[in-house]
Each structure stands twice: as structure tokens, then as C-alpha cells.
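Summary of structural features
One letter stands for each residue in the lines below.
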Amino acid sequence: MSTTNRTLVIVTCVKDKWKLEMLMRSMFAFLESCPVVIIYNEQDKKYKEWLEWFTPLKEKLLKRFNVQTFKGRELVDIPSLEYSRTNGWTSQQVLKILAHQKVKTPEYDIIDSKNFFMKKCSLNDILRSTPHGFWTLEGVTEFTKYCCDFLELAYPGHQLKLRANVTPYVMQTRVAKRLVKKWKDKETFFRWFVESAHMPQHSPAEFVLYELYELKTRQRIIDDRPYPHIPSSYATLWDISFRGNPTVKEAAQWVKSMRDSGIYVSGIHSSIHWMLNLQDVKTILQVLDCEYILPQTVNCPF
């Protein structure tokens, strides 16, 4: 029986099948039962093939979870051709906010396919990262200014403290719903986000937009942390994790130290795909004592 007041939301696509399987296996191993919303962000014509792969895994690994699966266009009424021409990285950001339509709990945790659980937990155990002033990147800064203008917020520069624009990320369902209502309808919101993503010097960031609206409406929640010296909510391996040329095992030891300090979620970011192979992934999982979550139905993309 679920004891959480949250839903797990995953936006995924065909090329992420290997990662999604590892996430599902980690849910089977570590995550307490909860509602799950999985959104397929891909061309409709590929959905049947994806579903044929996904359904047996769901029945085997996610039996104790209440899983609902939707195509992206079930959340927003965009013509098929227009939707298929939208960059998948951009549309998945919009869908994370529009997912509120399918959520019946007060909050939802957004997880990417690249993520995986690495210790026993409930969704309620996953804390929001601590807001800080070092979140900004050049393109994200311009997008943030644009969002501030739209929301009629003064942009305070680096004095603006926001949570990390990464998963896992916790959204309040009613805040996401109210945010979308700032536009005429959800289709207008979708197109606004896509258009702003293509503006010069813009790098879109859905969580920045969402949190700015939390600030605008004075709805932001800051979690008390049992480990104040660890302000993050994740231990994902990125390209910056390998600055200084650590070995894969040394990078995995860092993830393990984060896990032992109270972090439940890790991940393998696409920025390091080129430097890893299957044995490297096995090494990471061996260090974390969870090699059994390695996918079995899809070839490793590394």
C-alpha cells in the first residue's frame, strides 16, 4: 500500500528504452509503490511498437504500482505533423508541466529515463534541492529573463536563487495547473514554450519557468534537510563528474558516498555516453551493489 502523497512522472521516448528499463528495474528493487504516469513523447506511428516492448516489462516489474501510460498528444491537442516536427528535448519539457492533468496527488516527482533509484525509498523521501544562485547558464539566463517578463517579475540577476534545473524535481500539482492557465489554453502554452526555445540565445528550462511561478504566487516550498551539507536531490553522473580524469570506479564511489549520505536517485547523463561502454556501466552498478538492475531486453547504447 502506498504511503506517499506523490505521483511519479516519467517522460520517455523510443531511443530511451535501455535507460527506461534500468529505471523500471530500479523501481522494482527500491521504490515503494505509488501512482506512476508514463508519457510517451514520440511520433504516434511508433507507439504500438514501443507499447509491445513496454507492456511485458510493466507487468513483470511494475505490478505493485498503479501505472498509467499516455501519448504526449493526449495531453495537448497539437496536430500530429506539428508535434512530430517539434524537437523532442523541447516537447518533453512542456509535457512535464502538462503532466499535472493526469496526476491525482498533491505533488508529483519528475524523473528522466536516465535516472535510477539506488536505495530503498518512498517518493516522499526525495527532497527538493536547495535554491542557490549558481544555477545560471548563458542560454538559461536569457530564457529566465524572458519568463520573468511574461510573469511580470523583476529579474534580480544572480541574486535570484532557484533549485537545480535537473531531475528528480518535485512539482505541486495545483501550481502547475495554475501556471498553464496563464495562457489561453494548453495548446497556446505549448506553442509559446516551443517558440521561446527557438529564440536567439535561449536555452529552455521548464523547471525555471515553473519555479518562477511558484515565487510569483508565493507557493514555493523549501524542504528541511537532514544533511544540510548536501543541498542536492540527485547524484547523476555528468561530463563534469569526470573533470580531473577520475576513473569510472572513482566516479561511482562518489555516487556511492552521496547515496550513503541520503541521496536516493542517480543517473547517467547523455553527455557521458561517448566515454562509457557496457563494462563501465557494470562497474558503476557493482560499486552501488545493484548490478541486477542492468537491462536485459535492449542492447546497451554506449
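One can find the structure itself at the top, above this paragraph.
Reading the values: the criteria
- Residues numbered from 1 in each chain as written.
- Predicted model: local features only at pLDDT ≥ 70, side-chain atom pairs only at ≥ 80, totals over all residues.
- Heavy atoms only, no water.
- Phe/Tyr/Trp six-rings, centres within 6.5 Å; stacked < 30°, edge-to-face > 60°.
- Helix = DSSP H or I, 4+ residues; strand = E, 2+ residues; numbered from the N terminus.
- Buried < 20%, exposed > 50% of the residue type's maximum accessible area, 1.4 Å probe, protein only.
- Pairing = 2+ DSSP bridges.
- Right-handed = clockwise from strand over helix to strand, strands pointing away.
- Axes fitted to C-alpha atoms, helices over the stretch in contact; angles between N-to-C directions.
- Contact = heavy atoms within 4.5 Å.
- Disulfide = S-S within 2.5 Å.
- 1 Å grid on protein atoms, 1.4 Å probe; cavity = no way out; pocket = protein on both sides within 12 Å on 5 of 7 lines; lining within 4 Å.
- Points joined across faces, edges and corners; volume = space filled by probe spheres on them.
- Nonpolar A, V, L, I, M, F, W, Y, C, P; charged D, E, K, R; others polar.
- Salt bridge = Lys/Arg side-chain N within 4 Å of Asp/Glu carboxyl O.
- Parallel < 35°, antiparallel > 145°, perpendicular 65-115°, else oblique.
- Left-handed = near helix turned anticlockwise from the far one by under 90°.

Our next topic: the packing of aromatic side chains. The final tally for this structure, using the stated rule, is 17 aromatic pairs. Pairing Tyr40 with Trp50 gives two aromatic rings, centres 5.3 Å apart and planes at 45°, and the pair type is tilted. With a gap of 10 residues between them, Tyr40 in strand β2 (residues 35–40) and Trp50 in helix α2 (residues 47–61) connect regions that are remote in the sequence. Trp50 matches Tyr40 in its accessibility class, with the two residues each being buried. Centroid distance Phe150 to Trp183: 4.5 Å. Interplanar angle 10°. Geometry classified as stacked. With a gap of 33 residues between them, Phe150 in helix α5 (residues 138–151) and Trp183 in the loop between α6 (173–180) and α7 (186–197) connect regions that are remote in the sequence.

This next bit is on the pairing of strand β3 (residues 66–71). Judged from the 6 bridges that link them, β2 and β3 form a sheet pairing that is parallel. Each residue of the ladder has a partner; that of Ile39, found in β3, is Phe70. Assessed by its sense of winding, the connection that carries the chain from β2 through α2 to β3 is right-handed.

This brings us to the sheet that holds strand β8 (residues 265–268). Reading across the sheet, the 3 strands line up as β5-β8-β7 and stay open at both edges, with mixed pairing between neighbours. Whereas interior strands pair on both sides, the edge strands pair on one side only; in this sheet they are β5 (115–117) and β7 (235–237). Between one strand axis and the next, the sheet turns through 20° on average, direction left out of account. Sheet topology note: the β5/β8 ladder contains 3 bridges and is antiparallel. Considered in β8, the bridge of Asn115 is made with Gly267. With respect to the sheet, helix α1 (residues 17–30) is in contact with β5 and β8, its orientation differing from that of β5 by roughly 15°.

This part covers the state of the cysteines. In the structure shown here, the tally under the stated rule is 0 disulfides. Of the cysteine sulfurs around Cys13, a residue in no disulfide, the closest is that of Cys300, at 16 Å.

In this structure, the second largest pocket spans a volume of roughly 160 Å³. What lines the second largest pocket is a set of 13 residues, and nearest its centre among them are Leu127, Pro226, Tyr227, Gly262 and Tyr264. Classifying every residue of the lining of the second largest pocket gives 7 nonpolar, 4 polar and 2 charged.

All right, on to the pattern of salt bridges then. Counted by the stated rule, this structure contains 19 salt bridges. Arg163 is paired through a salt bridge with Glu211; the nearest N and O atoms lie 3.5 Å apart. You can see Arg163 sitting in the loop between α5 and β6 (169–172) and its partner Glu211 sitting in helix α8 (residues 206–216), a full 48 residues away along the chain. Both residues of the pair, Arg163 and Glu211, belong to the buried class. Ionic pairing is found between Lys186 and Glu187, a salt bridge with its closest N-O pair at 3.8 Å. Judged by its relative accessible area of 29%, Lys186 falls in the partly exposed class. Residue classification places Glu187 among the buried residues on the basis of a relative accessible area of 12%. Within the structure, one salt-bridge network assembled from shared partners comprises Arg6, Glu107, Asp109, Arg128 and Asp223.

The subject of this paragraph is the packing of helix α4 (residues 88–98) against α8. Where α4 meets α8, the closest approach of the two axes is 9 Å, and the angle between their N-to-C directions is 35°. The residues of α8 that touch α4, namely those facing Gln93, Lys96 and Ile97, are Glu206, Phe207 and Leu209.

The subject of this paragraph is the sheet that holds β2. Strands pair in a sheet through their backbones, by hydrogen bonds, and they do so in one of two ways: parallel or antiparallel. Strand order in the open sheet formed by 5 strands is β3-β2-β1-β4-β6, and the pairing between neighbours is mixed. Because the sheet does not close on itself, it has two edges, and the strands there are β3 and β6. With direction set aside, neighbouring strand axes in the sheet form an average angle of 25°. Across the sheet, α4 is in contact with β1 (6–12), β2, β4 (107–112) and β6; its angle to β4 comes to roughly 160°. Relative to the sheet, α8 contacts β4 and β6, its axis offset from that of β6 by approximately 45°.

On to the pairing of β8, then. Alternating residues of β8 divide into Val265 and Gly267 and Ser266 and Ile268, and every residue in both groups is buried. Direction of pairing for β7 relative to β8: parallel, over a ladder of 3 bridges. When the sheet's bridge partners are listed, Leu237 is paired in β8 with Ile268.

Before going further, it helps to examine the packing of α1 against α2. Running from amino to carboxyl end, α1 crosses α2 at an angle of 15°, the nearest separation of the two axes being 10 Å. When the axes of α1 and α2 are compared, the pair comes out roughly parallel. Pair α1 / α2 crosses with right-handed handedness. Only Trp50, Trp53, Phe54, Leu57, Lys58, Lys60 and Leu61 of α2 make contact with α1, whose side of the interface consists of Lys17, Leu20, Glu21, Met24, Arg25 and Phe28. Taken together, the residues that form the contact of α1 with α2 break down as 8 nonpolar, no polar and 5 charged.

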